[in-house]
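The primary structure of each chain is shown beneath.
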Amino acid sequence: MIRLLHLSDPHFGAADPLVADRFIETARSLAPDFTFVSGDLTMRARRAELRAARAFVGKLPQPQLVIPGNHDIPALNQPFDRFFRPFHRYRGSFGHELEPELRARGIHAVGMNSNQAFGFHANWSEGRLSRETLARAEERLAAQETGLRVLMLHHPLLGPPEHDREVVKPLPELLSLIARQQVDLVLCGHFHRSHLAALPAGAGWHTVVSQAATVCSTRLQGEPQGFHVIEWSGDRLDITRHRFAATRFAEDAHFTFRRDAGTWQAADRPTRDESARNP
Ligand SMILES: [Fe+2]
Ligand SMILES: [Fe+2]
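Read on for a plain summary of the structure.

### Points about the coordination of the iron ion (ligand 2)
Turning to step 1, where the next piece is worked out: Around the iron ion (ligand 2), the protein contributes the donor atoms Asp-40 (OD), Asn-70 (OD1), His-154 (NE2) and His-190 (ND1), at 2.1 to 2.2 Å from the metal centre.
Turning to step 2, where the next piece is worked out: Geometry at the iron ion (ligand 2) is irregular, judged from its 4 donor atoms and the angles of 89 to 156 degrees they form at the metal.
Turning to step 3, where the next piece is worked out: Counting gaps between the donor residues of the iron ion (ligand 2) yields the pattern D-x29-N-x83-H-x35-H.
Turning to step 4, where the next piece is worked out: In this model, the iron ion (ligand 2) sits 3.4 Å from the iron ion (ligand 1), the two metals being bridged by Asp-40. Placement of His-154 in the loop between strand E6 (148-152) and helix H6 (171-180) and of His-190 in the loop between strand E7 (185-188) and strand E8 (195-202) is noted, with a sequence separation of 36 residues between them. Side by side, His-154 and His-190 carry an identical accessibility label, which is buried.

### Brief notes about the packing of helix H5 (residues 131-142) against H6
Turning to step 1, where the next piece is worked out: One way to put it is that H5 packs onto H6 with a least axis distance of 10 Å and a crossing angle of 5 degrees. Our classification of the angle between H5 and H6 gives roughly parallel. Note on element contacts: H6 touches H5 through Glu-173, Leu-174, Leu-177 and Arg-180, opposite Leu-134, Ala-137, Glu-138 and Leu-141.
Turning to step 2, where the next piece is worked out: Among the residues forming the contact of H5 with H6, the class breakdown is 5 nonpolar, no polar and 3 charged.

### Some thoughts on helix H1 (residues 17-30)
Turning to step 1, where the next piece is worked out: With 14 residues, H1 extends 20 Å between its outermost C-alpha atoms, agreeing within 8% with the 20 Å of an ideal straight helix rising 1.5 Å per residue.
Turning to step 2, where the next piece is worked out: Taken together, the buried positions of H1 are occupied by Val-19, Ala-20, Phe-23, Ile-24, Thr-26, Ala-27 and Leu-30.
Turning to step 3, where the next piece is worked out: Buried residues along H1 sit against strand E1 (2-7), helix H2 (47-58), strand E10 (226-233), strand E11 (236-245) and strand E12 (248-260).
Turning to step 4, where the next piece is worked out: Where H1 starts, the residue carrying a side-chain oxygen 3.0 Å from the main-chain nitrogen of Leu-18 turns out to be Asp-16.
Turning to step 5, where the next piece is worked out: With its phi angle positive at about 45 degrees, Ala-31 sits one or two positions after the end of H1.

### Side note on the nonpolar core
Turning to step 1, where the next piece is worked out: Counting residues in each nonpolar core, the largest one holds 48 residues, and the members touching the most others are Leu-4, Ile-107, Leu-148, Leu-151, Leu-157, Leu-174 and Ile-178.
Turning to step 2, where the next piece is worked out: Among the elements that make up this core, the one with the highest residue count is H6 (5 residues).

Rules of the game
- Residues numbered from 1 in each chain as written.
- Chains lettered and ligands numbered in written order.
- Predicted model: local features only at pLDDT ≥ 70, side-chain atom pairs only at ≥ 80, totals over all residues.
- Heavy atoms only, no water.
- Donors = N, O, S within 2.8 Å, 3.2 Å for Na, K, Ca; no water.
- Tetrahedral: all angles 85-135°; square planar, octahedral: opposite > 155°, others 65-115°.
- Helix = DSSP H or I, 4+ residues; strand = E, 2+ residues; numbered from the N terminus.
- Buried < 20%, exposed > 50% of the residue type's maximum accessible area, 1.4 Å probe, protein only.
- Axes fitted to C-alpha atoms, helices over the stretch in contact; angles between N-to-C directions.
- Parallel < 35°, antiparallel > 145°, perpendicular 65-115°, else oblique.
- Contact = heavy atoms within 4.5 Å.
- Nonpolar A, V, L, I, M, F, W, Y, C, P; charged D, E, K, R; others polar.
- Expected span 1.5 Å × (residues − 1).
- Polar contact = N/O pair within 3.5 Å; in protein donor to acceptor, adjacent residues only side chain to side chain.
- Core = buried A, V, L, I, M, F, W, Y, C linked by side-chain atoms within 4.5 Å.

Written out as structure tokens, the structure is:
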């Protein structure tokens, strides 16, 4: 069994220090084999925020795959940095590679940069994947035949039903890539809402989507801070959602997905641990 820890959107600059500290303790006690951070490490890529985010990530279990989110680009009041070198500050803390890759112990994970510093449309916080990013991810995924294929991007594939917020674009192109390369697991964040599902990608292929809530920020969207623990063994993915309740993180719900009849399917309805729920 391989254990993956998936967290997102810590948002230093608007982080709750108690929740961040509790998360570090919990993450260490879970002893994951890999840690995945799907972006929005800061509020606006300010230097102090990046320093705090770097220190936080440095305390989490290794090895790690970390990507930027739309909040890791400087704000409009920093026009030079925003338009001419949007990831310069992020790179100073987290390294040059915006689309890192991780291959170890049967896991092949590929990061995609879905963030944009500007665009010819109203909402620049939305996610868009360039043709180059899509082609690069496809080429990397095609290079490995066995194991668990994982894609990580900041922006989500699934919208909360009551919201009309946009999912990542172009979704049809991303889904066809996922189907062609038989991506097993997609990790993302951004909406600050937990969502776990087997998503039909086309050609009979379903991928397991893990969209994580904010792990320690005060920017809540109707649910407490949380994260996911994903356990992979052969044709099975067991995912436990953890949520912050009062003074600590606790297991809140379990989801099982099985690779059956050639694709991933939800094995049963999620089971909730009622005793551990947020009051
Ligand atoms: Fe966020
Ligand atoms: Fe975001």
